[in-house]
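Take a look at the letters that make up each chain.
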Amino acid sequence: MDYGEFSKRFSTISGINIVPFLEGTREIDWKGLDDNVEFLLQNGIEVIVPNGNTGEFYALTIEEAKQVATRVTELVNGRATVVAGIGYSVDTAIELGKSAIDSGADCVMIHQPVHPYITDAGAVEYYRNIIEALDAPSIIYFKDAHLSDDVIKELAPLDKLVGIKYAINDIQRVTQVIRAVPKSSNVAFICGTAEKWAPFFYHAGAVGFTSGLVNVFPQKSFALLEALEEGNQEKIWDVWEDVVPFEDLRAKHNNGNNVVIIKEAMEQLGLRAGVTREPVNPLSPNDRLELEELLKSWNTQEVR
C-alpha cells in the first residue's frame, strides 16, 4: 500500500457516527445505527469513524465494539473510508484492530490510553506495538496535554502511521509539532476538536477535521470545509460564528455534554439517536431549551 497516498484521504471531514441505545434496556439499536451511517453517506461524508468517543466507545463491551465496526464497514461497503476506533490494553487494541480489518475496515484509530500512569516512552511503545502488529494504516488519537509532542515526532517515521488526530487546543503547540514532522512522512494532521477549532488548526497545517455536527447539520460542516479550502476568510468566520454556540454546548460540564447534545439534536430533528449510556447522563432542562432555540434558528436559515 502507498501509505503516503492513503493519508490524503483525511483532507476532509472525518464523521464520528453515534451509536443509538434503546430506552430502558440501553441495548444497541442496530436499525438506528444503520440509519445514522446511511445519513452520513447520503450527505457526502467520505471518512466515517465507528467507535469514536462520540460513538461512546468506552461504554461498549469489547464484543459490541467489534460488532459496531463490522456493521458500519459492511453498510458503508466501499462508499467511504472506514476508520475503526480501537483501544484499551495493547492486546485488546490489537484484537479489536484485527477484527475490524478482517471485516473490511480501511484503517484504525488508536485511542489514547486511559491508564492513570502514562509516560512519553510508555505511550510511544503502546502506539508502536499496536501499529506494527496490524496490517493496515493507523491514526493515533492524541489528546492528553501532559504528554509531550515528542511522542508524535518519534512515531512519525513509521510507514503505517498515516494520521494524527490532534485534540489539544493549543495553537502554538500544534503549529510547532506540525512543522517539526517532516513533510516526507505519511502523517496527515487532523483537527480532533471539531468545527470550533478547525480554522485555527487548518491555518497551522492540519488538513481536515473531525465532526459530530455532521450527524445533525452536515451542510454547516461542509460549508466550513469549503471555505477553508478556498481560503475565503469572510465565509470561514461567518460559518465558525454560526457553529460555535453548538460546540460550546457540547463543551459544557468539562465536555460532559459532548455526546448527549448530538443525540438530543438528532432526536429533536426527527433523526434516530436514542439515549446515552452511563456515565453520560441526559441533557439538563436548561441545556435542552438552549439547544432547541439554536436548532430553530438554524432551521429558519434553511440549511437542511
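Keep in mind that this is a model prediction, so the values were computed, not measured.

It is worth spelling out the UniProt feature "active site" (unreviewed entry) in the protein at this point. As annotated in UniProt, the feature "active site" (unreviewed entry) corresponds to Tyr141 and Lys165 in the numbering used here. The annotated residues occupy 25 residues of the chain but converge on a single region, no pair of C-alpha atoms lying more than 4.7 Å apart. Considering only the annotated residues already named, the ones lining the largest cavity are Lys165. Topologically, Tyr141 is positioned in strand β5 (residues 138-142). In contact with Tyr141, not counting residues within four places along its chain, are Asn53, Met109, Ile110, His111, Gln112, Tyr127, Lys165 and Ala167. Take Lys165: it is sitting in strand β6 (residues 161-166). For Lys165, a relative accessible area of 5% puts it in the buried group. Residue contacts for Lys165: discarding those within four places in its chain leaves Ile16, Met109, Ile139, Ile140, Tyr141, Phe142, Ile190, Gly192 and Thr210.

Sheet architecture is closed into a barrel: eight strands sit in the order β1-β2-β3-β4-β5-β6-β7-β8, paired in parallel fashion. In this structure, strand β2 (residues 47-48) lies alongside strand β3 (residues 81-86), joined through two bridges in parallel fashion. Looking at β3, one finds that Val47 is bridged to Thr81. Packing against the sheet, helix α9 (residues 218-230) makes contact with β1 (13-15) and β8 (208-211), and its axis sits at approximately 170 degrees to β8.

In this section: the layout of surface pockets. A volume near 1100 Å³ is recorded for the largest pocket. If you trace the largest pocket, you find 38 residues lining it, with Asn53, Tyr141, Lys143, Asn255 and Asn258 closest to the centre. Of all the secondary structure elements, the ones that give two or more residues to the lining of the largest pocket are α8 (194-204), β8, α10 (233-255) and α11 (258-268). Per element, the largest residue contribution to the lining of the largest pocket is six residues, and it comes from α10. Here the lining of the largest pocket is composed, by residue class, of 14 nonpolar, 15 polar and nine charged. Volume-wise, the second largest pocket comes out at about 260 Å³. Sorting elements by how many residues they give to the lining of the second largest pocket places α11 first, with four residues. Within the lining of the second largest pocket, the residues separate by chemical class into five nonpolar, three polar and seven charged.

Bringing the packing of aromatic side chains into the picture now. A complete count under the given rule lists 13 aromatic pairs for this structure. Between Phe57 and Tyr58 the ring centres are 5.0 Å apart and the planes differ by 70 degrees, which places this aromatic pair in the edge-to-face class. Judged by relative accessible area, Tyr58 falls into the partly exposed class, the value being 35%. Taking the centre distance of 5.2 Å and the plane angle of 35 degrees together, the rings of Phe57 and Tyr88 count as tilted. With a gap of 31 residues between them, Phe57 in the loop between β2 and α3 (62-76) and Tyr88 in the loop between β3 and α4 (90-102) connect regions that are remote in the sequence. Owing to a relative accessible area of 28%, Tyr88 belongs among the partly exposed residues under this scheme. Here a set of aromatic residues connected by ring pairs shows up, and it is made of Trp197, Phe200, Trp237 and Trp240. One residue, Lys165, lies across the ring of Tyr141, its end atom 3.9 Å from the ring centre.

Rules of the game
- Residues numbered from 1 in each chain as written.
- Predicted model: local features only at pLDDT ≥ 70, side-chain atom pairs only at ≥ 80, totals over all residues.
- Heavy atoms only, no water.
- UniProt positions renumbered as here; feature names shortened; annotations may be inferred.
- 1 Å grid on protein atoms, 1.4 Å probe; cavity = no way out; pocket = protein on both sides within 12 Å on 5 of 7 lines; lining within 4 Å.
- Helix = DSSP H or I, 4+ residues; strand = E, 2+ residues; numbered from the N terminus.
- Contact = heavy atoms within 4.5 Å.
- Buried < 20%, exposed > 50% of the residue type's maximum accessible area, 1.4 Å probe, protein only.
- Pairing = 2+ DSSP bridges.
- Axes fitted to C-alpha atoms, helices over the stretch in contact; angles between N-to-C directions.
- Points joined across faces, edges and corners; volume = space filled by probe spheres on them.
- Nonpolar A, V, L, I, M, F, W, Y, C, P; charged D, E, K, R; others polar.
- Phe/Tyr/Trp six-rings, centres within 6.5 Å; stacked < 30°, edge-to-face > 60°.
- Lys NZ or Arg CZ within 6 Å of the ring centre and 35° of its normal.

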